[in-house]
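A structural walkthrough
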Amino acid sequence: MNEYVKNLNRIEFVVTMACTGRCKHCSEGEHVNCKGHIDAGIAVTSIREVCKNYKIESLMTFGGEPLIYPEVVCAIHSTATEMGIGKRQLITNGFFSKKYERIKEVVQNLEYSGVNELLLSVDAFHQETIPLEPVKYFAECVAKSKIHIKLSPAWLVSKEDNNPYNNRTREVIEEFESLNIPVGSGNVIFPSGNALKYLSEYFDENVNYLSPYDEEPKDIRAIGILPNGDVLNGNVYENGILDILNAYQP
């Protein structure tokens with residue numbers, strides 16, 4: 001086994017870079033003209049192969065907005081369930097349809113596929129361009145399912161800071177109080193992509209900000225597979241995931 005990936009215990013899929021939001025804080029930028037998604041068959045095969053060789057404890061799907069392609073998300077989580085991965089997480093902004101029957105159907109399919117933790121991104125930034133009512137209905141449907149749901153807001157500077165964006169985020173969170181959904185720690189916005197473009201006044205140019213998402217290159221604990229198949233120094237559309245892991249060099 002490759003020394004650099006011997007402690008691998010997590011798989012993440014960026015299902016798509018397409019998104020229903022246009023958020024000022026997005027570290028990935030504008031998401032303009034983003035199309036397509038990770039191939040479900042390749043994703044399923046990759047999960048099975050990795051799980052044969054590593055003790056994978058958690059799997060996450062996110063985006064973009066992953067629920068633009070719920071069938072792909074469900075295929076990934078069904079396989080994770082089949083392979084005995086204990087923590088099966090989904091991050092979503094909750095807005096992929098305005099049709100309540102479709103929203104309810106997707107939640108039922110997510111529950112059936114084995115998603116057991118859902119982080120719902122709601123805050124000042126998402127709700128600038130994403131309507132609240134269908135998101136609240138989505139949250140209500142999830143709260144009635146077996147999926148554990150948390151609100152996952154993005155905070156600017158810090159959770160405690162009283163800037164206008166954080167104050168608006170607190171107002172948005174209050175809209176969900178009747179559903180009794182817990183509020184998770186969320187995340188503090190990292191200066192990258194749109195955040196650096198639109199919110200630069202809130203960042204100190206003399207501070208060397210460290211990305212919370214960077215892995216230690218000589219001790220890979222989590223791999224992230226992109227919609228185009230890129231992962232580590234390889235691509236799952238060109239080579240098998242185990243070959244990529246075995247060939248990895250930091």
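Preceding block: the structure.
Conventions and cut-offs
Residues numbered from 1 in each chain as written. Predicted model: local features only at pLDDT ≥ 70, side-chain atom pairs only at ≥ 80, totals over all residues. Heavy atoms only, no water. Phe/Tyr/Trp six-rings, centres within 6.5 Å; stacked < 30°, edge-to-face > 60°. Helix = DSSP H or I, 4+ residues; strand = E, 2+ residues; numbered from the N terminus. Buried < 20%, exposed > 50% of the residue type's maximum accessible area, 1.4 Å probe, protein only. Pairing = 2+ DSSP bridges. Polar contact = N/O pair within 3.5 Å; in protein donor to acceptor, adjacent residues only side chain to side chain. Contact = heavy atoms within 4.5 Å. Axes fitted to C-alpha atoms, helices over the stretch in contact; angles between N-to-C directions.

**Quick word on the packing of aromatic side chains**
Each aromatic ring pair is described using two quantities: the centre-to-centre distance and the angle formed by the ring planes. Tallying each qualifying case throughout the model produces six aromatic pairs. Arranged with centres 6.3 Å apart and planes meeting at 90 degrees, the rings of Tyr 4 and Tyr 248 form a pair that is edge-to-face. Remark: Tyr 248 occurs in the segment after helix H7 (241-247) and Tyr 4 occurs in the segment before strand S1 (10-16); sequence separation between them is 244 residues. On the accessibility criterion, Tyr 248 (6% relative accessible area) is buried. Ring plane angle 85 degrees and centroid distance 5.6 Å describe the contact between Phe 96 and Phe 138, whose orientation is recorded as edge-to-face. Separated by 42 residues along the polypeptide, Phe 96 in the loop between strand S3 (87-92) and helix H3 (100-113) and Phe 138 in helix H4 (residues 132-143) bring together distant segments of the chain. By relative accessible area, which is 0% here, Phe 138 ends up buried. Put simply, the rings of Phe 125, Tyr 165 and Tyr 202 touch in pairs and so form one group of aromatic residues.

**Topic: the pairing of S1**
Burial runs high along S1: six of the seven residues are buried. Two elements, S1 and strand S2 (residues 58-63), share six bridges in a ladder whose sense is parallel. Each residue of the ladder has a partner; that of Glu 12, found in S2, is Met 60. Pairing of S1 with strand S8 (residues 222-225), which is carried by four bridges, proceeds in the parallel orientation. Pairing of Arg 10 across the sheet is with Ala 222, part of S8.

**Considerations on the side chain of Ser 97**
If you trace the backbone, Ser 97 turns up in the loop between S3 and H3. Classification of Ser 97 as buried rests on a relative accessible area of 14%. One polar contact links the side chain of Ser 97 to the main-chain amide nitrogen of Lys 99, over a distance of 3.0 Å. Leave out the neighbours within four places in its chain, and Ser 97 touches Arg 102, Ile 103 and Pro 134.

**Here we look at the sheet that holds S2**
Ordered in space as S5-S4-S3-S2-S1-S8, the six strands form an open sheet in which the pairing is parallel. Each edge of the open sheet carries a strand with a single partner, namely strand S5 (148-151) and S8. In this sheet, neighbouring strand axes are inclined to one another by 20 degrees on average, regardless of whether the strands run parallel or antiparallel.

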